[in-house]
Structure formats: C-alpha cells, structure tokens
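One letter stands for each residue in the lines below.
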Amino acid sequence: MKKILIVEDESLVGHHLKLILTSAGYKVTGISESVNEALTSIDEQKPDLVLLDIHLKGVSNGIDLARKLTERNMAFVYLTANFQGALLEEAKSTMPFGFIVKPFREDDLLTTLDVAFYRHQNSLESSRQQEMELNQKLKEIRNYDGDRVQKLLRVADKIQAYVPFDYLNFILKNANSTTVTSIGFLRIGFDEYQVLGEQELLNVTGIDHISLKNIYSSLPTLNRAKYFNDEEFDHLCNQNSLSKIIADTYDFESALFFPVLQDNSVLIRYEFYSRKGNTYGQQHVALLSRLLNVLGSILENDRQKIITDHQPSVLSTEPLLPKERIRDFDGIVGQSRPMLTVLDHIDTISPLDTSVLILGESGTGKERVAKSIHALSGRSGKPLVVVNCASLPANLIESELFGHEKGAFTGALEKRTGKFEMASGGTIFLDEIGELPIDLQVKLLRVLQEQEIERLGGRGPIKIDVRIIAATNRDLEKEMEEGRFRLDLYYRLFVFPIIIPSLRERIDDIPALTNHFISYFSKKYKKQISGISPEAIAQMLDYAWPGNVRELEHLIERTILLSKTSIIEQVLLPKHPSDKTSSEPQAGARMKTIDENERDYIINVLKNCNGRIRGAGGAAAVMGLPPTTLHSKMKRLGIK
Ligand SMILES: Nc1ncnc2c1ncn2[C@@H]1O[C@H](COP(=O)(O)OP(=O)(O)OP(=O)(O)O)[C@@H](O)[C@H]1O
C-alpha cells in the first residue's frame, strides 16, 4: 500500500484529503501543519509521496519543504488555491511531480497522484540506469594503465554530464605538503579540455613558483564533501587562495569539493568549479558519495606515488580530446554553453530506452537532436521513422500511426502498415506532438504504457518495441491548462526533457554555424566561396533571429547563390525588428523604470568587461560591488 503524507495547515482540507486518499486505497501517514512537523513525520513514517500546500503557517512554506524533498529524492505534489507568476515559477524550479489547484475534483487528484508515482518511479529508474552506466565506465577507466593525465581526462569527460563543471581540479597532496599535484581540466568544447598542470597554472595566473608552493602548502583540508554557492563561494575564495586565483582567472561562481582519500598521509580531492552560480547541491554530493569507491580507487595508484615522486608531471596546454571517443552528434554544430548542455543530455540519454521530449522554438534543431539520439543509441541499425503530427489530416493520423486492415473504413482498399510498426526495433519521432488530437493522445498513452498498438479494424493489440521521441514548439503547460493536452501524457513524456535554446540565447554559435552552412552550400552549388568578412559576421551577431537556425541556414543559402566574391562581404538580413537597436528614447516614448535603467547599465558594463564578473577588471570591481551582490542583481533583473 502506498504511503502519503499530507502537509496542510487548514485542517478541514487536510481531513477531506485524507478521506479521499484512504478510500482510494492509500495509507495516509499523517497530516502535518508545518515544515518542521512534516520533516519529523517523514523521518519517522517514510512516506512514498508528500502532498503539500504551498502556503503554510510559520516562516517556511511548502517550497522550502519541497527543496528538502528534492535533495532526498522524494516525490511530492503541490496543492494550492492560487498559483501565479513568481510563485508558480519558483514552485516549478523545485521540479514537482504534479500540481493540484484548489478547488479540485476527486478524479483529478487521483490521476495526478497516479502520474506522480509513475514519474517518480521512472525518473528513479532512469537515473539508476544512468548511474549504473557511469559506474561501469569509471571502472573501465580505473583499469586504464596509460598516462595519468589521459586517465583523469577520461574521468572528467565521463562525469561532466552528471556533475556539470567548467573546471575540474584534482588535488593530490601528502601530509607535509612536500608533494602537491594539482591537475585541472578546463572545458573548452564538448569533449575538449585544456589541461592545467603546475606550469600552466603559473602561466595563466601570472603568480610565481614560490607563491604557488605556499598556496599549495596552505590548502585547507575538508573532512567531507561540501558545495559552495553565493556567499559561501566568496568565503571559500577568502579561505583558499588556490580557489581564489582559479575563480578570478576563469570567473567561477560556485564549486563542489569532494575528498576521496584523506588520512594522515594523503589528501586526494576532486574540485568542481562552475561559471554559473548555484550549480551544486545535495544531489551531486549524494551521487558522488555513491561512487566514492570507484572515484577513490581511480587514484589509488597515485597514493604512494605522490609521496615519492617529486617531479611535477610535464603537461601539455594543447586541448586534449579523450582518445577513441571523438563524438559526432550527427552534424550538430554548437559549442556555446547552452548547446554543450544539450549535447551532454543527448550523450546521457541516447544509450537508454527512455522516451524523450524535445522542447524548443521552431527551427532550433529539434529534429536534428532526435536524429542524433537515434544514431547514438543501440537502435541505430533499425529505422528512425519521422511523423509530423501537424501535417497529417486529423482523420488520417490514426491509420498513419497505427495502420489499418483492408476494409477497416470506406476507402481502406488495402491493408496498411502504420508508422509504429515501420519503426519496429527502432525509434519513432513524433514532431509537433502538441498538435495531436486529444482522442489520439489517449491511444498514444496506451502505447507508452503497454508497448502495444491496435490497427484500425484489427483483431487485437500487437506488441511493439519502439522508442518514442516527441517534440513540440508549443507551451505544453498552457495547452494542458486550456484542456488541449492530456496531463497524464505530458508527464509520461516529460520523463527526460531536452530544452533547445533559441539562437538568440547562443549567439556564440553563430560564426561556427555560418561557416558550416557556407561550406555545405558552396559545395552543393559548386561555388568557390571560402569565408565571410568580420563585418558581415558582426551584422549577423546583432540580428534577432526570429527563425533560429533554419533562418540562418536559408539566409546563407540565398547569399551563396547570389554571391559573386570568394568572401561574403554582406548578408541580406531581413528587416525584422532587432532587439538590439538604438536605445535612444523616441519622442513620446515611455520613460524607463529604475530597474530597466539598472539593467541597461549592468549589461553595458558587462559588455565592456567582456562578460567577466569577478577579478580585477571584472564588472563587479568596475561597479564597486561584491561579485555575489552583482550576481543577485543580475538574477533579479533577468540578466543571463
Ligand atoms: N546545431 C545545428 N547544427 C547544424 N545544423 C542545424 C543545427 N540546428 C539546426 N540545424 C539545421 O537547421 C534546420 C532546422 O532544424 P530542425 O528541422 O531540426 O529544427 P526543428 O526545431 O525541428 O524545426 P520545427 O520546429 O520547425 O520542426 C535543419 O536544416 C537543421 O539541419
């Protein structure tokens, strides 16, 4: 019997919920009225799910409790009477397993709980599988007996998708600090890292050998794993000079330290740094702790070595790629941070059989991503069948997807095999899933649950083995609110979402994409065009790209066709309203608010400092603010 804890400070509502849940076969472990009461009850009763009201008496609310539940990997569903704006956004950021809005219908409550249990189980299953994969890969790396840097590089590369970082530093130090090795890997591409050994650290930070030795010998020890966000990160930099110089050099904003071996004779620690604030949390510590044995044993051989070996390793500053695994994502071009996250997700999810939901504006590359997932999966030898749900007439979708028998309906002259059967053993990509009529959504749900389909006019269900990847550019949550998309289907598909950023959010990728399309189309149209001028690229960087990568692709195609020179000097950008045009106020224009002015000011300073926040010459120093204060201002004003 599944156990649910209700957290609700209106006792009437609490008891009403308890009645419904008990008669639906759940065991209610209690009704708590505050966060503290709930935490005690959770420790004692170990419920499977927590149903919690957002508004609670006392200083902490339901969202505070939710954060704690996320850290413990527990399922929870929110209950609230009013859900809007900032509160909704904050609640969503805690990744709940469902929402129930008061007043609610009994049926909706039970369906939401049903879906929440399913999703939780699935996400646990999927993360368990991912973790097993990672554990296995790390064990293989442990047995690698080549060069140490290559070995650590492999560890860094493998762990990236699970504990994201811009810099991973391995610290190996003996008790009296006569030998300290610090080997850092700075991420500079999807699987490209620059190695920073001692000499490189001296070069990039500009400090001298003696100072570095002093810094090494005063490295603080840590008895247990710890993460540092916001003020704590500043505090870390004040206490730990190595962290300070690394953070100042590369603009890091958060860190996670994980000691793997620490006794009287040796300290070995993994130090993760990120340019984003608030990157690390309890879930990362928990994952690393579960992998402690293998993470420690990877460096076991170094234990003795660092005591005897006084020679710092000779390291290369050349970017390194992990050998034998230079991955091709089926032609996906992109090295910007947001795109690297998408590639990490593709890399993680491809080998598993989980359904995937790809979200993103039109033309951002959703189909490309789906193809890449299929190509990197164990199903790549089998078909990938693409179905555009928007382009099929409503009355034909069902027979297109599931097939029909001869004579199943007027006009069904022949038997037809549906797309699901065509994809047998492979993958089906359901593009524009938001357009699927509601009655077919029910049938799709059944396919997901039962792994079987029914042909129109057929005699019974047919078992199928197909992985489902769906995509949409619609706001599915809004579609659900307006009754056009089924909640249960949404949650079943949402097990692993991949969100593709718009081109405006990754302008760093524009030069590489442009060059990629120039070389593709000049080959296709047999034109001798070798590049593009810096002025033309600057124009492109300044454009708002409403049509995303597809628009850029078409623009380059047209430009290549019209171009008479070997270097493109000008691109004919359409006159879409650019969001970067003059900021001069127009006559009669609305006056800017203080916040808008502050936002513009910060953006300008950031531009002048090349986006750098910390350190000498960074935006925080220019404005005379501590980096963390600037960071919170940026967060409040929505500056990314
Ligand atoms: N990162 C990328 N690298 C190279 N080509 C890309 C990339 N992203 C998109 N493209 C190209 O841009 C075009 C549009 O991409 P795609 O069709 O995958 O977008 P989509 O999001 O599925 O669009 P829609 O929502 O309209 O279906 C395609 O020709 C694709 O090959």
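Scoring rules and cut-offs
Residues numbered from 1 in each chain as written. Predicted model: local features only at pLDDT ≥ 70, side-chain atom pairs only at ≥ 80, totals over all residues. Heavy atoms only, no water. Helix = DSSP H or I, 4+ residues; strand = E, 2+ residues; numbered from the N terminus. Rg over C-alpha atoms; globule rule 2.2 N^0.38 Å. Buried < 20%, exposed > 50% of the residue type's maximum accessible area, 1.4 Å probe, protein only. Contact = heavy atoms within 4.5 Å. Areas by Shrake-Rupley, 256 points an atom, 1.4 Å probe, with all protein chains shown as cover. Phe/Tyr/Trp six-rings, centres within 6.5 Å; stacked < 30°, edge-to-face > 60°. Lys NZ or Arg CZ within 6 Å of the ring centre and 35° of its normal. Pairing = 2+ DSSP bridges. Axes fitted to C-alpha atoms, helices over the stretch in contact; angles between N-to-C directions. Polar contact = N/O pair within 3.5 Å; in protein donor to acceptor, adjacent residues only side chain to side chain. Near = heavy atom within 4 Å. Nonpolar A, V, L, I, M, F, W, Y, C, P; charged D, E, K, R; others polar. Domains from an automatic or database assignment. Core = buried A, V, L, I, M, F, W, Y, C linked by side-chain atoms within 4.5 Å. UniProt positions renumbered as here; feature names shortened; annotations may be inferred. Arc of directions from axis to C-beta. Salt bridge = Lys/Arg side-chain N within 4 Å of Asp/Glu carboxyl O. Patch = residues over 30% accessible without salt bridge, like charges linked within 9 Å, V, L, I, M, F, W, Y side chains within 5 Å.

The next thing to look at is the overall build of the protein. Looking only at helices and strands, the protein features 26 helices and 23 strands. Scaling as 2.2 N^0.38, a compact globule of 640 residues should have a C-alpha radius of gyration of about 26 Å, and the protein matches this with 28 Å. With respect to the three principal axes, the spread of C-alpha positions in the protein is 85 × 75 × 65 Å. Buried residues in the protein amount to 50% of all 640 residues. Expressed as a percentage of contacts within the protein between residues at least 6 apart in sequence, the contacts between residues at least 24 apart total 69%. Entry remark: accessible area of the protein is about 31,000 Å², with carbon and sulfur atoms responsible for 51%.

A word on the packing of aromatic side chains. The geometry of an aromatic ring pair is captured by two quantities: the separation of the ring centres and the angle between the planes. All told, the structure shown has 21 aromatic pairs when counted by the stated rule. Ring centres 5.3 Å apart and planes at 70° place the aromatic pair F228 and F257 in the edge-to-face group. One end of the pair, F228, is in strand β9 (residues 226-228); the other, F257, is in strand β10 (residues 254-262), and 29 residues separate them in sequence. The residues F228 and F257 share a single accessibility class, namely buried. The side chain of K2 reaches across the aromatic face of F117, ending 4.7 Å from its centre. Geometry around Y144 places R154 over its ring, the cationic atom sitting 4.3 Å from the centre.

This paragraph deals with the sheet that holds strand β17 (residues 427-431). In space, the five strands of this open sheet follow the order β14-β17-β20-β13-β21, with parallel pairing throughout. Two strands close off the open sheet at either side, each with one partner strand: β14 (384-388) and β21 (497-499). This sheet shows a mean twist of 20° between the axes of neighbouring strands, independent of strand direction. Looking at chain direction, β14 and β17 are connected through five bridges and run parallel. In the sheet register, N388 faces β17, and the bridge partner there is D431.

Take R379: it is sitting in the loop between α15 (366-375) and β14. Once the C-alpha coordinates of R379 and N169 are considered, the two residues, 210 residues apart in sequence, prove to be 36 Å apart. Sequence-distant contacts of R379, defined by excluding residues within four places in its chain, comprise D353, H374, G425, G426, T427, D465, V466 and R467. Of the polar contacts made by the side chain of R379, one reaches the side chain of D465; its length is 2.6 Å.

The next point concerns the site of the ligand. Taken together, 19 residues are adjacent to the ligand, and V333, S362, G363, K366 and E553 come closest. A distance of 3.0 Å separates an oxygen atom of the ligand from a polar backbone atom of G363. In this structure, an oxygen atom belonging to the ligand sits 3.1 Å away from a main-chain N or O atom of G365. Within the complex, 88% of the 630 Å² of free accessible area of the ligand lies under protein. Contributing elements (two or more residues each) for the shell around the ligand: α15, α21 (510-524) and α23 (548-562). Residues that form the shell around the ligand fall into these classes: five nonpolar, seven polar and seven charged. When residues of the shell around the ligand are assigned to domains, at least three fall in each of domain 3 (337-499) and domain 4 (507-568).

Let us look at the nonpolar core. L138, F170, F185, Y270, F272, L295 and L299 are the most contacted members of the largest nonpolar core, which has 37 residues in total. The element best represented in this core is helix α6 (residues 148-159), accounting for six residues. Excluding anything up to four places from it in sequence, F185 contacts V149, L152, L153, A156, F165, D166, Y167, L168, F170, Y193, Q194 and V195. Grouped together as the second largest cluster of nonpolar side chains are 34 residues, V385, C389, L476 and L489 included.

In this structure's numbering, the residues bearing the UniProt feature "modified residue: 4-aspartylphosphate" (unreviewed entry) are D53. Here D53 lies in strand β3 (residues 49-53).

Right, let's get into the UniProt feature "domain: Sigma-54 factor interaction" (unreviewed entry) in the protein. Under the local residue numbering, the UniProt record ascribes the feature "domain: Sigma-54 factor interaction" (unreviewed entry) to residues 332-561. Here residues 332-561 is 43% helix and 14% strand, with 23 Å between the C-alpha atoms at its ends.

What follows covers helix α2 (residues 35-45). The complete set of buried residues in α2 reads V35, A38, L39, S41 and I42. Here the buried residues of α2 occupy an arc of 165° about the axis, which is enough to place them on one side. In α2, the exposed positions that point more than 90 degrees away from the buried face belong to N36 and E44. The inward-facing, buried residues of α2 contact β1 (3-7), β2 (27-32), β3 and α3 (62-71). Downstream of α2 by a residue or two, K46 has a phi angle that is positive, lying close to 50°.

Moving on: the pattern of salt bridges. On inspection of all chains with the given rule, the structure shows 25 salt bridges. With its nearest N and O atoms 2.9 Å apart, the salt bridge here joins R446 to E452. Judged by relative accessible area, which is 15%, E452 ranks as buried. Salt bridges linked by common partners bring E435, R474, E479 and R484 together as one network.

Our focus in this paragraph is a nonpolar patch on the surface. Nonpolar side chains collect at one region of the surface, where L561, L562 and L572 lie side by side and expose about 310 Å² of accessible area between them. Secondary-structure assignment places L561 in helix α23. Accessibility expressed as a relative area gives 44% for L561, which makes it partly exposed.

Right, let's talk about the pairing of strand β6 (residues 167-174) for a bit. For β6, a buried count of eight out of eight residues is recorded, marking the element as mostly surrounded by other parts of the structure. The alternating pattern of β6 places Y167, N169, I171 and K173 and L168, F170, L172 and N174 on opposite faces, both of which are buried. As paired strands, β6 and strand β7 (residues 180-187) are joined by seven bridges and run antiparallel to one another. Note on β7: the bridge partner recorded for I171 is S182. Two elements, β6 and strand β11 (residues 266-274), share eight bridges in a ladder whose sense is antiparallel. Residue pairing across strands places F170 opposite Y270, the latter belonging to β11.

With that out of the way, let us pick up the sheet that holds β1. Within the open sheet, the five strands sit side by side as β2-β1-β3-β4-β5. Their pairing is parallel. With partners counted over all chains shown, the strands left at the sheet margins are β2 and β5 (99-101), one partner each. Neighbour to neighbour, the strand axes of the sheet diverge by 20° on average, direction disregarded. Two elements, β1 and β3, share four bridges in a ladder whose sense is parallel. By the bridge assignment for β3, I6 is matched with L51.

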